[in-house]
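# Structural overview for review
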Amino acid sequence: MNRRVVALALSLGVGLLFAPRLAFAENHVSEAITHTKQAIEHGKMGHADVLVTHAEEAVKHAKAAEAEKANPHVKEGITHLDQAIEHGKMKHADVATQHAEEALKHLEMAK
């Protein structure tokens, strides 16, 4: 009986050790999605500068999620967000919005 209790306690301890990392990665993906949606909304209104602000925030969260748990969809989302930022800085709101929309698809698939 003592071995079972020790094994159970050890299993729970290991599970609790890894659970927060996974939860934080999910939280960062959710934040990246939220900011990407805001970037798209402002891009559709022609607000390239606000799109850049939200896309930059989304990239921060996406990179944090990628660092915690590698995911090819997050990586692709980062690539499109970087393109959105680049085009947004050139005041190409329409092209930047298209990249943000593509980033959103990938980030949602990562969730």
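Here, every reference points to the structure presented above.
Residues numbered from 1 in each chain as written. Predicted model: local features only at pLDDT ≥ 70, side-chain atom pairs only at ≥ 80, totals over all residues. Heavy atoms only, no water.

### Points about the packing of helix α2 (residues 48-68) against helix α3 (residues 72-89)
Quick note on the threshold: In this analysis, axes come from line fits to C-alpha atoms, helices being fitted only over the stretch in contact, and the angle between any two N-to-C directions falls in the range 0 to 180 degrees. For helices the rule is a DSSP run of H or I covering at least 4 residues; for strands it is a run of E covering at least 2, with both sets numbered from the N terminus onward. Angles below 35 degrees are treated as roughly parallel, those above 145 as roughly antiparallel, those between 65 and 115 as roughly perpendicular, and all remaining angles as oblique. Crossing handedness is defined as follows: a turn of the near helix away from the far one that is anticlockwise and smaller than a right angle gives a left-handed crossing, while the clockwise case is right-handed. Whether two residues touch is decided by their heavy atoms; if any such pair falls within 4.5 Å, the residues are in contact.
For the pair α2 and α3, interaxial distance at closest approach is 9 Å and the crossing angle is 155°. The angle between α2 and α3 falls in the class roughly antiparallel. Between α2 and α3 lies a crossing of left-handed hand. Along its contact with α2, which presents A48, L51, V52, A55, E56, A58, V59, A62, K63 and E66, the element α3 presents V74, K75, I78, L81, D82, A84, I85, G88 and K89.

### Considering the pattern of salt bridges
Heads up, the condition is: Take a side-chain nitrogen of Lys or Arg and a carboxyl oxygen of Asp or Glu: if they are within 4 Å of each other, that pair is a salt bridge. Think of it in three bands: with a 1.4 Å probe and only protein chains considered, a residue is buried below 20% of the maximum accessible area for its type, exposed above 50%, and partly exposed in between.
Throughout the structure, instances matching the rule amount to 4 salt bridges. Here K44 makes a salt bridge to E101, at a shortest N to O gap of 3.6 Å. Linking K44 in helix α1 (residues 2-44) with E101 in helix α4 (residues 93-110), this pair joins segments that are 57 residues apart in sequence. For K44, a relative accessible area of 60% gives the class exposed. In this structure, E56 and K89 form a salt bridge, with 3.7 Å as the shortest nitrogen-oxygen distance. Within this pair, whereas E56 is found in helix α2, its partner K89 is found in helix α3, the two being separated by 33 residues in sequence. Look at K89 and you get exposed, because its relative accessible area is 55%.

### Digging into the nonpolar core
Cut-off, in case you're wondering: We call a set of buried residues a nonpolar core when its members are Ala, Val, Leu, Ile, Met, Phe, Trp, Tyr or Cys and they connect through side-chain atoms within 4.5 Å of each other.
If you look at the biggest cluster of nonpolar residues, it comprises 23 residues, and the most contacted ones within it are A62, V74, L81 and L107. For this core, the secondary-structure elements that each account for two or more residues are α1, α2, α3 and α4. Beyond its immediate sequence surroundings of up to four residues, A62 is in contact with A32, V74, I78 and L107.

### A closer look at α4
Residue pairs spaced three or four apart in an α-helix point in one direction, given the helix's 3.6 residues per turn. Basically, it comes down to this: Expected span of a helix, by definition, is 1.5 Å for each gap between consecutive residues, and there is one gap fewer than residues.
Look at α4: 25 Å from first C-alpha to last across 18 residues, which is about the 26 Å you get at 1.5 Å a residue. All buried positions along α4 are accounted for by A93, A96, T97, H99, A100, A103, L104, H106, L107 and A110.

### Some words on the packing of α2 against α4
The geometry of α2 relative to α4 is characterised by a closest axis approach of 11 Å and an angle of 25° between their N-to-C directions. Considering the angle they form, α2 stands roughly parallel to α4. The handedness of the crossing between α2 and α4 is left-handed. Facing α2, whose interface residues are A48, L51 and A62, α4 presents A93, A96, T97 and L107.

### Points about the side chain of T97
Heads up, the rule is: What qualifies as a polar contact is a pair of N or O atoms within 3.5 Å, subject to a donor-acceptor requirement within protein and to the restriction that residues adjacent in sequence count only when both atoms come from side chains.
Mapped onto the secondary structure, T97 falls in helix α4. At 3.5 Å, the side chain of T97 forms a polar contact with the backbone oxygen of G43. With residues near it in sequence (within four places) discarded, T97 still touches I40, G43, K44 and L51.

From the geometry alone we can't say anything about function, so treat these as descriptive.
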